[in-house]
Amino acid sequence: PAPRGAPNILLIMTDDVGFGASSTFGGPIPTPTFDRLAGAGVRYNNFHTTAMCSPTRAALLTGRNHHNVGFGILSEMASGFPGYNGRLPSNAATVAKVLTENGYSTAMLGKHHNVPPNESSAAGPFDRWPTGLGFEYFFGFRDSETNQWAPALVENTRLIEPDYRHPEHLDKLLADRAIRWLRDHQATAATKPFFLYYATGTPHAPQHAPREWIEKFKGKFDRGWDVTRKETYQRQKRMGIIPANTDLTPRQTEIPSWDSISPDRRRIYARMMEVYAATLAHADHQIGRVIEELRAEGKLDNTLIMFVQGDNGASQEGSLRGTTSQWATVANGVDEDTPYLLSQLDEMGGPKSFQNYPVGWAWAMNTPFPWAKQVASHLGGIRNAMVVSWPGH
């Protein structure tokens, strides 16, 4: 059994959030749940990640360098070379395995991007799925991304068919399932501490959010990424997030200035950023529901909460021009012209869109650093935002 009084542990991680995105770290997107946790805990501005999804998650779960556990690259790009085979070795126990064997109840909800592609079917094998890595319960998805309106979900090792006729956002589904798991735990194993790993798929592309959340940000980004970045930098200095003598890195020559973009394109890009902001704000709200469940159960004061805001920096994978169909752009070289994108403004963020915003916004969300996800030496993963909160201590 676990030691008497052992704390519960809630580990939260979002996906592709830049250092300068959330209000907690000076960004333009309100994240009140993150703010409240920071107010009761400690903010860290130098939390290193690997700048890519699978490697960061492998390192986080095992406590080892990602190359030492086979994840020098994304699982989809694994090869036979040492450090890059995409297979967590059996001698690298996850934190879930260690805690389970020490009397904790354990669960993972959300993204698990560490299953080898040839082991991801309904036939298994399942030893590298979450339930084979020490988690007693899993509800989420196994790939780099999923459609937030029709997610490709798994419960333990059972694949769940998406409900295309009645789309419901995955972030709400994850919060609902987390709350249900916490209540089940309270009813059946209240004396045991728990470890809950809660990893959203947002705001990784596709950037999806409920319409009412998108409309909250209407017009908020019309002044563009240059102004947004400068204002974020100024707030970060006032808040002490960055040293007072920090210089703001200049815009890379590859990224156009906002003023150089045509009015129609500015309208399109502003809408894309409204959607991105809504995805993060909505995810924060759903995480807040889980925190409130802990409060209602009287467990919040004895729960250690670690909140990593972004497994990587903000993503530059939407290209310089942004897209409503990420894989059409990235994999097939499709260039969506301005008239088409204007016709899709009302669809952005909804079930008919598979959006990712342009690099200019990723650059702004990574303030004050010069680059973005994938570029580990210039953000991507150098200083991700992290809060550790233990309200009762």
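For the structure, check the block above.
Only a predicted model underlies this, so the values are computations on that prediction, with no experimental measurement involved.

Draft legend 1. Highlighting the pairing of strand 7 (residues 194–199). Within strand 7, six of the six residues are buried, which leaves the element mostly enclosed by the surrounding structure. What you see with strand 7 is no split at all: Phe194, Leu196 and Tyr198 on one side and Phe195, Tyr197 and Ala199 on the other are buried throughout. Pairing geometry for strand 1 (residues 8–13) and strand 7, over five bridges, is parallel. Paired with Leu11 across the two strands is Tyr197, which belongs to strand 7. Pairing geometry for strand 3 (residues 105–111) and strand 7, over six bridges, is parallel. Bridge pairing in strand 7 places Ser105 opposite Phe194.

Draft legend 2. Quick peek at the packing of helix 4 (residues 170–188) against helix 7 (residues 263–296). The N-to-C vectors of helix 4 and helix 7 enclose an angle of 10°; their axes lie 9 Å apart at closest approach. Classified by the angle their axes make, helix 4 and helix 7 are roughly parallel. Seen from helix 4, the contacting residues are Asp171, Lys172, Ala175, Asp176, Ala178, Ile179, Leu182 and Arg183; seen from helix 7, they are Thr279, His282, Ala283, Gln286, Arg289, Val290, Glu293 and Leu294. Looking at side-chain class alone, the contact of helix 4 with helix 7 contains seven nonpolar, three polar and six charged residues.

Draft legend 3. Quick peek at the packing of aromatic side chains. Enumeration over the complete set of coordinates arrives at 15 aromatic pairs. Measuring from centroid to centroid gives 5.5 Å for Phe19 and Phe369, while their planes differ by 80°, and the two rings are edge-to-face. Of this pair, Phe19 sits in the loop between strand 1 and helix 1 (32–39) while Phe369 is found in the loop between helix 10 (359–365) and strand 9 (384–389), placing the two residues 350 residues apart along the sequence. Ring plane angle 85° and centroid distance 5.6 Å describe the contact between Trp225 and Trp361, whose orientation is recorded as edge-to-face. Note that Trp225 is positioned in helix 6 (residues 224–239) and Trp361 in helix 10, a separation of 136 residues in sequence. Neither residue differs from the other here; Trp225 and Trp361 are each classed as buried. Among the aromatic residues, those joined into a ring-pair cluster are Phe217, Phe221, Trp225, Trp258, Tyr269 and Trp361. Taking NZ or CZ as reference, Arg177 lies 3.9 Å from the ring centre of Phe139, over its face. A cation sits over an aromatic face here: Lys216 above Trp213, 3.6 Å from the ring centre.

Rules of the game
- Residues numbered from 1 in each chain as written.
- Predicted model: local features only at pLDDT ≥ 70, side-chain atom pairs only at ≥ 80, totals over all residues.
- Heavy atoms only, no water.
- Buried < 20%, exposed > 50% of the residue type's maximum accessible area, 1.4 Å probe, protein only.
- Helix = DSSP H or I, 4+ residues; strand = E, 2+ residues; numbered from the N terminus.
- Pairing = 2+ DSSP bridges.
- Axes fitted to C-alpha atoms, helices over the stretch in contact; angles between N-to-C directions.
- Parallel < 35°, antiparallel > 145°, perpendicular 65-115°, else oblique.
- Contact = heavy atoms within 4.5 Å.
- Nonpolar A, V, L, I, M, F, W, Y, C, P; charged D, E, K, R; others polar.
- Phe/Tyr/Trp six-rings, centres within 6.5 Å; stacked < 30°, edge-to-face > 60°.
- Lys NZ or Arg CZ within 6 Å of the ring centre and 35° of its normal.

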